[in-house]
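Structural overview
Spelled out, the chains give:
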Amino acid sequence: MLILLRILRGTKKAMTTSLDSFHPDLVYSIIECVYSDILSNDAILSDTESEIITVAAICILDTPEQLFSHVRGAKRLGVAETSIEAILELSREIKNII
């Protein structure tokens, strides 16, 4: 679950509090299932590649709070600002097509 700590870097408590306000089981589902089982599995994609894909998907889903958090996470993983801008621009173009 190292990716979770690298992405959230000091904001894990705020995230878990926010998720817990929706439903107590959501914290477990997100941390154990998404971060632990899916995003932490680097057999195919690196942490950075997983976060880039997550940013693109969340941009298309139009969930600004999640997008903000994952853009910040991508930066914390070392993704360049210009790369993030390009990812967001391409994602918005795809969103307009579908």
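Residues numbered from 1 in each chain as written. Predicted model: local features only at pLDDT ≥ 70, side-chain atom pairs only at ≥ 80, totals over all residues. Heavy atoms only, no water.

**Digging into the overall build of the protein chain**
Within the protein chain, the regular secondary structure consists of six helices and zero strands. Listing every helix and strand of the protein chain by position from the N terminus yields α-α-α-α-α-α. In the protein chain, once contacts between residues fewer than 6 apart in sequence are set aside, the share between residues at least 24 apart is 56%. A total of about 6300 Å² of accessible surface is found on the protein chain, and carbon and sulfur atoms cover 60% of it. (Helix = DSSP H or I, 4+ residues; strand = E, 2+ residues; numbered from the N terminus. Contact = heavy atoms within 4.5 Å. Areas by Shrake-Rupley, 256 points an atom, 1.4 Å probe, with all protein chains shown as cover.)

**Focus: the nonpolar core**
The biggest cluster of nonpolar side chains holds eleven residues, and these are Val-55, Ala-56, Ile-58, Cys-59, Leu-67, Val-71, Ala-74, Val-79, Ile-84, Ile-87 and Leu-88. The set of elements that each furnish at least two residues to this core consists of helix H4 (47–61), helix H5 (64–76) and helix H6 (81–97). For this core, the element with the most residues is H4, which contributes four residues. Dropping the residues within four chain positions of it, Leu-67 is found in contact with Val-55, Ile-58, Cys-59 and Leu-88. (Core = buried A, V, L, I, M, F, W, Y, C linked by side-chain atoms within 4.5 Å. Buried < 20%, exposed > 50% of the residue type's maximum accessible area, 1.4 Å probe, protein only.)

**Brief notes about the pattern of salt bridges**
In this structure the tally under the stated criterion is two salt bridges. Ionic pairing is found between Lys-95 and Asp-62, a salt bridge with its closest N-O pair at 3.5 Å. Of this pair, Lys-95 sits in helix H6 while Asp-62 sits in the loop between H4 and H5, and the two are 33 residues apart along the sequence. The salt bridge partner of Lys-75 is Glu-81, with a shortest N-O separation of 3.1 Å. On the basis of relative accessible area, Lys-75 is assigned to the partly exposed category, the value being 41%. (Salt bridge = Lys/Arg side-chain N within 4 Å of Asp/Glu carboxyl O.)

**Details of the environment of Asp-47**
Within the element layout of this structure, Asp-47 appears in helix H4. C-alpha separation for the pair Asp-47 and Ala-74, spaced 27 residues apart in sequence, amounts to 9.1 Å.

**A word on the packing of H4 against H6**
Where H4 contacts H6, the two axes come as close as 8 Å, and the packing angle between them is 40 degrees. It follows from the interaxial angle that H4 and H6 lie oblique. In terms of crossing hand, the pair formed by H4 and H6 is right-handed. Counted together, Ile-52, Val-55, Ala-56, Cys-59 and Ile-60 of H4 and Ile-87, Leu-88, Ser-91, Arg-92, Ile-94 and Lys-95 of H6 form the full contact between these two elements. Here the residues of the contact of H4 with H6 are counted per class, giving eight nonpolar, one polar and two charged. (Axes fitted to C-alpha atoms, helices over the stretch in contact; angles between N-to-C directions. Parallel < 35°, antiparallel > 145°, perpendicular 65-115°, else oblique. Left-handed = near helix turned anticlockwise from the far one by under 90°. Nonpolar A, V, L, I, M, F, W, Y, C, P; charged D, E, K, R; others polar.)

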